[in-house]
Amino acid sequence: MNFFRNLFKKRDTLQQSTIPIDELFARNFTKRGGKFIYCISEVEVQETFRQIVKELGITIKMSSNSSAVINEMFEENEALFSSPINEADVYLSDCECLVADVGGIMFSSHQMKHKKIDELPETFIVFAKTSQLVKDIAQGMRTINKKYCDNQKPTGLMTLQNFIQETDATNIETYGVSSKETYLILLENITSVS
């Protein structure tokens, strides 16, 4: 029995290594319950954002991490982000990396405003670019180390990998793991990802 389990596990690993990194991320992210929207222009990003806000409801309270990326991309919607985090229903953020092999989103303390995941709203809207895709968490860590000077490095990192509220308390994989309803708006900004 273990022989077959190991055989199938090796086959799945081999198949994953031949899948393009963006496709692997999309598969794993949606399999974990994330809502993935791929955009090829900033105009599409704006339209997608408006559709998500409409889907969530007109009276939602939003907060954002106010990063330069978020401010630049969503400046026309700035009035929506006036709620303090503890009163908001939705949190708009950028991220450090998109981790393909687990379908997760890597955040640093910069995006999380030095808060724990449980202290943030239950719904996330995350804006990222295809250039932020990495193969695994180790590559994500290397990317972060290259990105920041020593005095600017984040004080904390976390990878959100669970996007559905588990109702099965006996599920060992997700027991005690925070989950958020997550919309990912991914903007194509490089010609090919491998």
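Provided above is the structure to which this section pertains.
Residues numbered from 1 in each chain as written. Predicted model: local features only at pLDDT ≥ 70, side-chain atom pairs only at ≥ 80, totals over all residues. Heavy atoms only, no water.

Trainee: Looking at this structure, how should I read the sheet that holds strand E5 (residues 104–108)?
Mentor: Across a sheet, paired strands are connected by hydrogen bonds in the backbone, their directions being either parallel or antiparallel. Spatial strand order, E7-E4-E5-E8: 4 strands in an open sheet with mixed pairing. Bordering the open sheet on either side are strand E7 (133–134) and strand E8 (157–160), each of which pairs with just one other strand. Pairing of strand E4 (residues 97–99) with E5 involves 3 bridges; the strand directions are antiparallel. Counted as the bridge partner of Val99 is Gly104 from E5. Packed onto the sheet, helix H6 (residues 137–147) meets E4, E5, E7 and E8 and runs at close to 30° relative to E5. (Pairing = 2+ DSSP bridges. Helix = DSSP H or I, 4+ residues; strand = E, 2+ residues; numbered from the N terminus. Contact = heavy atoms within 4.5 Å. Axes fitted to C-alpha atoms, helices over the stretch in contact; angles between N-to-C directions.)

Trainee: What exactly am I supposed to notice about the pattern of salt bridges here?
Mentor: Between side chains of opposite charge, a pair can form as their charged atoms come close. With the rule as written, the count across this model stands at 7 salt bridges. Arg27 serves as the salt-bridge partner of Glu23, at 2.8 Å between the closest nitrogen and oxygen. Placement of the pair is Glu23 and Arg27 together in helix H2 (residues 21–31), with a separation of 4 residues, close to one helical turn. Given a relative accessible area of 44%, Arg27 falls into the partly exposed group. Of the charged contacts, one joins Glu181 and Lys35 as a salt bridge, the two residues approaching to 2.8 Å between their closest N and O atoms. With Glu181 in strand E9 (residues 181–187) and Lys35 in strand E1 (residues 35–39), this pair connects stretches of sequence that are 146 residues apart. For Lys35, a relative accessible area of 31% corresponds to the partly exposed category. (Salt bridge = Lys/Arg side-chain N within 4 Å of Asp/Glu carboxyl O. Buried < 20%, exposed > 50% of the residue type's maximum accessible area, 1.4 Å probe, protein only.)

Keep in mind these values describe shape, not function.
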